[in-house]
Every structure is written in C-alpha cells, then in structure tokens.
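# Architecture and fold: a report
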Amino acid sequence: AYRLDDATRQNYARYSPAALRGEEMAGGSDDGACVFRSDFLDARFADRFDACARTHGKATVLIGDSHAINVHNALFDAGAGPFFVSIAKGGCRPYQSLESCSFDRFLSFAADRQDKIGRVILHLSGSHLIYDHLGRDDNQAAFLPGNQWGLEEGSIAGIAAYISKIPASISVTWLGPYAEARVDLKEPHNYSLERLRFNPRSLEIFAKLDARLKELASGQQRYAYVSAYDVLGFNANSLLQGECLTFQDYDHFSACGEKLFGPVLAASLGLT
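I will try to describe carefully the structure that is included in this document. (Residues numbered from 1 in each chain as written. Predicted model: local features only at pLDDT ≥ 70, side-chain atom pairs only at ≥ 80, totals over all residues. Heavy atoms only, no water.)

### Details of the packing of aromatic side chains
In this structure the tally under the stated criterion is 19 aromatic pairs. Taking the centre distance of 5.4 Å and the plane angle of 85° together, the rings of Phe-247 and Phe-253 count as edge-to-face. One exposure class covers both Phe-247 and Phe-253, and it is buried. An aromatic cluster of three or more residues is present, and its members are Phe-36, Phe-45, Phe-49, Phe-83, Phe-106 and Phe-109. (Phe/Tyr/Trp six-rings, centres within 6.5 Å; stacked < 30°, edge-to-face > 60°. Buried < 20%, exposed > 50% of the residue type's maximum accessible area, 1.4 Å probe, protein only.)

See the structure below:
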C-alpha cells in the first residue's frame with residue numbers, strides 16, 4: 001500500500017484522471033451544425049463541409065494531431081463558430097505520409113475548395129519536435145534533469161514545407177506548441193502539494209522550442225505564428241488551478257483544462 005499523507009491522498013482521490021474518468025469524456029466537440037471534428041477526411045466530412053459552405057461561406061479549418069483535438073475542444077467550449085471544423089487525429093504529423101492520416105489528402109481537398117476555406121490553423125505536439133539523449137522524440141527522458149536534449153530540425157522544416165503546399169489564397173496560422181506538464185499523473189505520490197506542479201525543465205525546453213519556431217516564422221510571409229507558449233503563460237503553478245487539474249497525462253489537457261484555456265486560445269486566434 002502507498003504511504004501517503006492525508007493531503008496527498010485527498011488530492012489523488014479528488015483530481016487524478018482515474019478518479020475523473022467519467023467527467024473526462026463529457027466534453028463536447030460537435031454542435032450538430034457547422035462546428036465539428038473528424039479524425040479522417042472522408043466523403044462524409046466533405047459532404048457536411050460543402051453543405052456548411054453553402055450556408056456560411058468560408059470555413060476556418062484546424063488540422064493537427066491529438067493536441068489539436070484538445071485545441072478543437074477548447075475552442076468549441078469557447079464558442080468558436082459558426083463554421084469551424086477540425087481534422088485531427090493522434091499520431092498524425094504533416095512530415096510523415098501515413099495512409100491513416102489526412103494531411104496529404106487535405107492538400108487536394110483545400111486546392112479544390114479554395115473559395116470555401118478562409119483560414120487554416122495548424123497545431124501539433126511540441127514533444128515530437130524534441131529528442132532525448134538517445135535521439136528519441138516524444139520521450140519523457142528529455143524532461144528529466146541532467147539529460148541531454150535537442151530540437152528535431154528536420155521535423156520542424158517538414159512542418160514549414162507542408163504549410164508551403166497549402167494553396168496561397170488560404171491564410172495559414174501555425175499555433176505553436178503549448179508547454180506540457182510532463183508530470184506522471186498515474187503516480188499517487190505526485191499529488192503532494194510540492195509535486196503537483198509543472199515540470200520546470202519542460203517549461204525551459206518549450207521556451208527554447210517556441211523561440212526557435214518564432215525565429216523560423218520571422219523569416220517568411222506564408223503563415224502567421226501564434227505562440228501558445230506565450231498565450232497560455234504556464235508556470236510552475238499551472239497544473240492545479242482552483243479545482244481543476246489542467247492536464248490528464250504528461251501532455252494532454254483535461255476536460256476542465258480545455259474549458260479553462262479555451263477563451264484565451266480563441267482570443268489569441270481572433271475566433272471570438
């Protein structure tokens with residue numbers, strides 16, 4: 001049995017993702033009309049999109065990975081619309097051509113519908129742009145004190161190259177990676193008041209990644225860069241805000257985190 005002090009035990013019982021399993025699934029992402037998300041760009045998505053375009057004109061389209069699902073839900077909660085759709089699926093990156101992902105497919109979709117898409121927002125996990133001391137991306141080892149890490153310049157260049165293939169008539173915003181909590185929330189001991197805090201090394205690494213992406217953005221005109229790192233302003237105390245444990249694992253927002261961060265993300269993107 002774990003030997004936990006009372007405060008730690010109470011925090012674990014109140015805030016842990018295991019305790020909140022039912023609530024975590026309760027977030028909305030589809031208004032039944034023209035705000036919706038799909039993990040794959042198929043004929044059903046296209047038909048619904050085209051019907052909405054007839055009603056609303058041009059769409060804002062969010063594309064990305066599982067972090068973009070978090071962002072879609074956050075923007076949904078913040079009232080983004082009336083024509084805001086997302087194609088987002090875990091494990092999908094624009095610099096990898098995977099049949100199960102829709103990045104390549106989206107380029108032809110966008111080319112055929114340049115008059116129906118006003119703006120594309122791209123959002124991807126930052127930890128896939130960071131490698132650890134063994135050269136692995138998206139690995140917790142990079143966030144442990146004393147370990148070496150670096151930036152995946154090839155993957156960063158791959159994202160910029162993908163953006164350049166989106167039709168030039170469509171405005172593109174790269175919403176940069178948000179800083180990740182990088183705390184093991186399955187470990188009850190981490191629910192003590194001293195430990196229920198953002199990993200300080202993660203804040204430091206994401207600041208450097210964000211600075212690199214800003215530098216890359218400053219040299220071009222094809223897309224605007226919005227820093228989620230700056231906008232959300234995470235610090236050591238951002239993991240537990242009031243009654244909300246803002247992350248559900250190392251790197252994904254919880255349902256209450258989505259609701260909390262939605263308004264500031266929507267404002268930064270000019271969506272509300």
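### Considerations on the environment of Ala-211
With respect to the element layout, Ala-211 can be found in helix H7 (residues 200-218). The spatial distance from the C-alpha of Ala-211 to the C-alpha of Tyr-229 is 9.7 Å, given a sequence separation of 18 residues. (Helix = DSSP H or I, 4+ residues; strand = E, 2+ residues; numbered from the N terminus.)

### Focus: the state of the cysteines
In total, this model carries three disulfides according to the counting rule given. Here Cys-34 connects covalently by a disulfide to Cys-52, the sulfurs 2.0 Å from one another. Across the S-S bond of Cys-34 and Cys-52 the torsion is about -90°, and the bridge reads as left-handed. In this pair, Cys-34 sits in the loop between helix H2 (21-24) and strand E1 (35-38) while Cys-52 sits in helix H3 (residues 43-56), placing the two residues 18 residues apart along the sequence. Residue Cys-34 is classed as buried on the basis of its relative accessible area of 7%. (Disulfide = S-S within 2.5 Å.)

### Examining unusual backbone geometry
In this model, Gly-81 is joined to Pro-82 through a cis peptide bond whose omega is 5°. Structurally, Pro-82 is set in the loop between helix H4 (66-77) and strand E3 (84-88). If you check the backbone angles, Asp-138 has positive phi at about 50° while not being a glycine. With respect to the helices and strands, Asp-138 occurs in the loop between strand E5 (130-131) and strand E6 (150-151). The residue Arg-182 is not glycine, and still its phi comes out positive at about 50°. Relative to the elements of secondary structure, Arg-182 occurs in the loop between strand E7 (171-175) and H7.

### Comments concerning the sheet that holds E3
Spatially, E1-E3-E2-E4-E7-E8 is the arrangement adopted by the six strands of the open sheet, whose pairing is parallel. What marks the edges here is a single partner per strand, and that holds for E1 and strand E8 (223-226). The average angle at which neighbouring strand axes cross in this sheet is 20°, direction not considered. Along the sheet, H3 makes contact with E1, strand E2 (59-64), E3 and strand E4 (117-123), crossing E1 at roughly 160°. (Pairing = 2+ DSSP bridges. Axes fitted to C-alpha atoms, helices over the stretch in contact; angles between N-to-C directions. Contact = heavy atoms within 4.5 Å.)

### With respect to the pairing of E4
Across the seven residues of E4, six count as buried, placing the element largely inside the fold. Bridge count between E2 and E4: six bridges; the pairing is parallel. Its bridge partner being in E4, Ile-63 is matched across the sheet by Leu-122. Examined bridge by bridge, E4 and E7 share five bridges and lie parallel to one another. From the neighbouring strand, Val-120 faces E7, where its bridge partner is Val-172.

### Remarks on H3
The end-to-end C-alpha separation of H3 is 20 Å, in line with the 20 Å expected for 14 residues at 1.5 Å each. All of the buried residues along H3 are Phe-45, Ala-46, Phe-49, Asp-50, Cys-52 and Ala-53. Down the axis of H3, the buried set is contained in an arc of 165°. They therefore lie on one face. Away from its buried face by more than 90 degrees, H3 exposes Ala-43, Arg-44, Asp-47, Arg-54 and Thr-55. Looking at the packing, one finds that the buried side of H3 touches E1, E2, E3, helix H5 (103-112) and E4. One or two steps after H3, the chain reaches Gly-57, where phi turns positive at roughly 80°. (Expected span 1.5 Å × (residues − 1). Arc of directions from axis to C-beta.)

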